[in-house]
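Descriptive structure summary
Here's the letter readout for the chains.
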Amino acid sequence: KKRGYIFLKIQFDQLEYQDKAIDAVVSLFEGQQIKQSNFTVVDKDNQGKLWTDYGVGNKVDISERKLLDNLQEVQISNDIVRSDSPTTSSPQFNIEMETGTGKTFVYIKTMLELNKNYGFSKFIIVVPSLAIKEGVMKTFEMTEEYFRREYHGVIYRPFIYDSKKLDTVRSFAVDNTIQIMIINIQAFIKDVKADEERSSKASNLIYRESEDLSGMVPIDLISATKPIVIIDEPQS
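So, here's what we can say about the structure. The structure displayed is predicted, hence computed values, not measured ones.

A count of helical and extended segments in the chain gives six helices and six strands. Starting at the N terminus and ending at the C terminus, the chain contains elements arranged as α-β-β-α-α-β-α-β-α-β-α-β. The contacts in the chain between residues at least 6 apart in sequence include a share of 61% that link residues at least 24 apart. Summed over its atoms, the accessible surface of the chain is roughly 14,600 Å², and 50% of this surface lies on carbon and sulfur atoms.

Structure, rendered in structure tokens:
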């Protein structure tokens, strides 16, 4: 007796409020040129000989004043009280969306738009729990075909940070394609004294020197890329 199978293909529709959220973030960097930064990464060959490679990072080349002007324009257009103080060297922006309105879809597309418009390629998604982390990865899988079609085959690599697979951190740093690290907050909560960080006493491996990274510290390598960090459900 023959068995039948039905394959369902999910259709994604872009909604107006989602477009507004994405445009708001992209507009923050108006005036930014497509650029990237480079830094040195130490590595070992198969014989254990040290050599240097080059990491690829984001580079923001607009001034703090321009960034503030852009922010104020976004705030005015969305009836939000203007920020009158200059931004910091690590500015933070809050995008509020109701639960169930497609925020994961929105920030995935936002990352691709930031790459398309400004060349940013290193992103980190911080989530509050294991369940949300798995859910975010599932959304990447479900939307992969849609976004590759929408962005003409653009190559991007989402992956879940795993302290037992630190080679992925090196790939995150040196790869020239869009790299998206998904990490839960517990992986890098600082629960050690400052003088114990970057030592064997650090409880989280992300703060320890790693032989898999030729003695480099994962958090230092990640930081060198100057990633754009998306904090999912920061209220949690």
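What follows picks up the thread again.
Our focus in this paragraph is the pattern of salt bridges. Taken as a whole and judged by the stated rule, the model has nine salt bridges. Among the ionic pairs, Asp 61 bridges to Lys 35, the shortest N-O distance being 3.3 Å. In this pair, Asp 61 is assigned in the loop between β2 (50-58) and α2 (64-77) and Lys 35 in the loop between α1 (16-27) and β1 (36-44), connecting sequence segments 26 residues apart. Here Asp 61 falls in the partly exposed class, since its relative accessible area comes to 29%. Lys 35 gets classed as partly exposed once you look at its relative accessible area, which sits at 37%. When salt bridges with common partners are traced through the structure, they connect Lys 103, Asp 232 and Glu 233 into a single cluster.

Applying the stated criterion across every chain yields a total of nine aromatic pairs. Judged by centre distance (6.5 Å) and plane angle (50°), the rings of Phe 140 and Tyr 156 are tilted. Of this pair, Phe 140 sits in helix α4 (residues 130-150) while Tyr 156 is found in strand β4 (residues 156-160), placing the two residues 16 residues apart along the sequence. Comparing Phe 140 with Tyr 156, the two get one shared label, buried. Arranged with centres 6.4 Å apart and planes meeting at 45°, the rings of Phe 147 and Tyr 151 form a pair that is tilted. The same class applies to Phe 147 as to Tyr 151, namely buried. An aromatic cluster is defined as three or more aromatic residues linked by ring pairs; in this entry it consists of Phe 105, Tyr 146, Phe 147 and Tyr 151.

Rules and cut-offs
Residues numbered from 1 in each chain as written. Predicted model: local features only at pLDDT ≥ 70, side-chain atom pairs only at ≥ 80, totals over all residues. Heavy atoms only, no water. Helix = DSSP H or I, 4+ residues; strand = E, 2+ residues; numbered from the N terminus. Contact = heavy atoms within 4.5 Å. Areas by Shrake-Rupley, 256 points an atom, 1.4 Å probe, with all protein chains shown as cover. Salt bridge = Lys/Arg side-chain N within 4 Å of Asp/Glu carboxyl O. Buried < 20%, exposed > 50% of the residue type's maximum accessible area, 1.4 Å probe, protein only. Phe/Tyr/Trp six-rings, centres within 6.5 Å; stacked < 30°, edge-to-face > 60°.

Everything listed here is a matter of coordinates, which is why it stays silent on function.
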